[in-house]
Amino acid sequence: MIKHFFPRFNIFFVFSFYIFNILWFNVGLSGVIIYWLLRVGFLSENFYENPAVGISILLFISTIIGLIVTRVAGKLMLNPICEMLASMKKLAGGDFNVRIGNSGLLRPKELRDFSEEFNAMAKELGSIEILRSDFVNNFSHEFKTPIVSLRGFAKLLKKGNLSNDERQEYLDIIISESDRLAALATNVLNLSKIENRTSFSGHSLFNLSEQIRRTILITELKWSEKRLELEVDIKEDIYFLGNPELLSQVWVNLLDNAVKFSYQSGKLRIRLLNYNDCVVFKVEDFGCGMDEEIKAHIFDKFYQGDRSRSTEGNGLGMTVVKKIVSLHKGEILVESRPSQGTIVTITLPKQANEKQKPLL
Ligand SMILES: Nc1ncnc2c1ncn2[C@@H]1O[C@H](COP(=O)(O)OP(=O)(O)OP(=O)(O)O)[C@@H](O)[C@H]1O
Ligand SMILES: [Mg+2]
């Protein structure tokens, strides 16, 4: 409150203020002390008649007072800087909870600004550190689980005396766990490539409809295994200016989820709509759906609605989707009801020069 009554002094003002006060204090206090020594009779009234004595007494008193005043003023002036140096050392040593105090009326504006910036930086570094350690923990866990099971089943196979069915079952587990590892490596690699980007290179005008049709074909093994009926509505060839490699991951991940969370013999509806200023991709499944809690976290890294983690995957697919869509300045909408199904809608804005089909 009191801070508001004082202007924000800059460093030159504060420095001059201290020097002025040291001089003023020194002269003033020396005068007061000499006056007092005269009053108590310690000095005779005509002590200044002998200049050597007068000057020596003045010099002595000024030196003592000067030492005390400069010591106090120096401490006041340099304390914030020492505090900053100590805080920097702590930060460099990995203590991200360190903060610099900002109180003190005569703390110059520059030092206050520095403290604020320093505190903001320490806070930001702290949150990055939390994210990083969460990521490392999750990644190690995701990485270790399939390796442990691969080793376990490989050991069982080595022992021999297994029936043919058992052997087949263990081999299937080994194949699916290695698939999980390969998918984890791909997703983490993709994520690390795009995570800190705010823009991307590799734009080209490509046939989006064709890309989605191809993705449906690539995932055929999965949806035909589940006997899903597909309703595909991609009428025209839509050309879009974007990064085809990144966008293809979006369709693969969304279709993968739609198939994975569908019930056996269910239905999938895939639509691609062309508007003047955007293209809209919709994938609808009639599977297990999500409650509000799951929906709120689907874009978090390594989040899987199935806490037992018995569902395939590592919980990175939707994180990758969201990042790629936002790199294309698009939007993603997830509508879902438990046991009824999910609709994911991706809207990608068109850029001016793509409204025309290329002469290919
Ligand atoms: N279509 C869907 N229907 C029901 N739940 C879904 C759907 N899509 C995503 N989810 C929920 O969101 C979670 C996160 O999805 P995400 O794609 O990121 O991970 P994942 O599919 O479990 O693993 P990964 O994509 O890495 O293989 C899923 O585990 C699931 O609980
Ligand atoms: Mg997924």
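As the structure is a prediction and not an experimental result, all values here were calculated from the model. (Residues numbered from 1 in each chain as written. Chains lettered and ligands numbered in written order. Predicted model: local features only at pLDDT ≥ 70, side-chain atom pairs only at ≥ 80, totals over all residues. Heavy atoms only, no water.)

Looking at the overall build of the chain
A count of helical and extended segments in the chain gives 9 helices and 7 strands. Here the C-alpha radius of gyration of the chain, 36 Å, is well above what a compact globule of 360 residues would show, namely 21 Å. The dimensions of the chain, computed from C-alpha atoms along their principal axes, are 120 × 65 × 40 Å. Counting all 360 residues of the chain, 36% fall into the buried class. A sequence separation of at least 24 residues applies to 71% of the contacts in the chain between residues at least 6 apart. Within the structure as shown, the chain displays about 22,600 Å² of accessible surface, and the carbon and sulfur contribution to it stands at 61%. (Helix = DSSP H or I, 4+ residues; strand = E, 2+ residues; numbered from the N terminus. Rg over C-alpha atoms; globule rule 2.2 N^0.38 Å. Buried < 20%, exposed > 50% of the residue type's maximum accessible area, 1.4 Å probe, protein only. Contact = heavy atoms within 4.5 Å. Areas by Shrake-Rupley, 256 points an atom, 1.4 Å probe, with all protein chains shown as cover.)

So, the site of ligand 1
Neighbouring residues of ligand 1: 19 residues in total, closest N257, K260, Q304, G305 and M318. One of the side-chain N or O atoms of D285 is found 3.0 Å from a nitrogen atom in ligand 1. Residue T342 places a side-chain N or O atom 3.3 Å away from a nitrogen atom belonging to ligand 1. Within the complex, 95% of the 590 Å² of free accessible area of ligand 1 lies under protein. Secondary structure elements with two or more residues in the shell around ligand 1: α7 (244-260) and α9 (317-327). (Near = heavy atom within 4 Å. Polar contact = N/O pair within 3.5 Å; in protein donor to acceptor, adjacent residues only side chain to side chain.)

A closer look at the sheet that holds strand β4 (residues 267-274)
Pairing within the open sheet is mixed, and its 5 strands lie in the order β2-β4-β5-β7-β6. Strands with a single pairing partner mark the edges of an open sheet, and in this sheet they are β2 (229-233) and β6 (331-337). Averaged over all neighbouring strand pairs, the angle between strand axes comes to 10 degrees, with direction disregarded. Helix-sheet contacts for α9 involve β6 and β7 (341-349), and the interaxial angle to β6 is about 145 degrees. (Pairing = 2+ DSSP bridges. Axes fitted to C-alpha atoms, helices over the stretch in contact; angles between N-to-C directions.)

Here's the deal with the domain arrangement of the chain
Structurally, the chain comprises domain 1 (2-124), domain 2 (137-194) and domain 3 (204-354). Between domain 1 and domain 3, the C-alpha centre-to-centre distance is 66 Å. (Domains from an automatic or database assignment.)

Section: the pattern of salt bridges
A side chain with one charge may pair with a side chain of the opposite charge, provided their charged atoms come close. Taken as a whole and judged by the stated rule, the model has 12 salt bridges. E177 is paired through a salt bridge with R180; the nearest N and O atoms lie 3.6 Å apart. Here E177 pairs with R180, and both are found in helix α4 (residues 164-194), just 3 residues apart, close to one helical turn. Using a relative accessible area of 12% as the deciding quantity, one classes E177 as buried. (Salt bridge = Lys/Arg side-chain N within 4 Å of Asp/Glu carboxyl O.)

Re α7
Between its terminal C-alpha atoms α7 stretches 24 Å, which fits the 24 Å expected from 17 residues at 1.5 Å a residue. In terms of residue burial, α7 counts as a mostly covered element, since 13 of its 17 residues are buried. Looking at where α7 begins, the residue whose side-chain oxygen comes 3.1 Å from the main-chain nitrogen of E245 is N243. (Expected span 1.5 Å × (residues − 1).)

Focus on a nonpolar patch on the surface
Taken together, the side chains of F60, I64, L67, I68, V72 and L76 present a nonpolar region at the surface, about 610 Å² in accessible area. Here L76 is to be found in helix α2 (residues 51-92). (Patch = residues over 30% accessible without salt bridge, like charges linked within 9 Å, V, L, I, M, F, W, Y side chains within 5 Å.)

Here's the deal with the packing of helix α5 (residues 208-218) against α7
Relative orientation of the contacting elements α5 and α7 amounts to 45 degrees, with a least axis distance of 10 Å. By the criterion of interaxial angle, the relationship of α5 to α7 is oblique. Considering the relative orientation of α5 and α7, their crossing is right-handed. Across the interface between the two elements, L208, Q211, I212, T215 and I216 of α5 pack against P244, L247, S248, W251, V252 and L255 of α7. Of the residues that constitute the contact of α5 with α7, the class distribution is 8 nonpolar, 3 polar and no charged. (Parallel < 35°, antiparallel > 145°, perpendicular 65-115°, else oblique. Left-handed = near helix turned anticlockwise from the far one by under 90°. Nonpolar A, V, L, I, M, F, W, Y, C, P; charged D, E, K, R; others polar.)

A word on the packing of aromatic side chains
Within this structure, the stated rule accounts for 6 aromatic pairs. Aromatic pair F153 and Y170: ring centres 5.2 Å apart, planes at 50 degrees, arrangement tilted. One end of the pair, F153, is in helix α3 (residues 109-159); the other, Y170, is in helix α4, and 17 residues separate them in sequence. Accessibility classification places F153 together with Y170 in one group, the buried group. Their ring planes at 55 degrees and their centres at 4.6 Å tell us that W251 and F281 sit as a pair that is tilted. Linking W251 in helix α7 with F281 in strand β5 (residues 278-285), this pair joins segments that are 30 residues apart in sequence. (Phe/Tyr/Trp six-rings, centres within 6.5 Å; stacked < 30°, edge-to-face > 60°.)

Side note on unusual backbone geometry
Despite not being glycine, R227 has its phi angle at roughly 55 degrees, a positive value. Note on R227: relative accessible area 61%, which makes it exposed.

Points about the nonpolar core
Ranked by size, the top nonpolar core spans 43 residues in total, and within it I212, V250, W251, L254, F281 and I346 carry the most contacts. Going through the elements one at a time, α4, α5, α7, β4, β5, α9 and β7 are the ones with two or more residues in this core. Looking at this core element by element, the count peaks at 8 residues for α7. In this structure, this core is formed jointly by two domains, domain 2 (137-194) and domain 3 (204-354), each of which donates at least three residues. Not counting residues within four places of it along the chain, the set of residues in contact with F281 comprises I212, W251, L254, I270, R271, L272, V344, T345 and I346. (Core = buried A, V, L, I, M, F, W, Y, C linked by side-chain atoms within 4.5 Å.)

Thoughts on a positive patch on the surface
On the surface, R151, K155, K158 and K159 cluster together to form a positively charged patch. Mapping K158 onto the fold places it in helix α3. The exposure class of K158 is exposed, given its relative accessible area of 75%. (Lys, Arg positive; Asp, Glu negative; His and termini not counted. Charge placed at Lys NZ, Arg CZ, Asp CG, Glu CD.)

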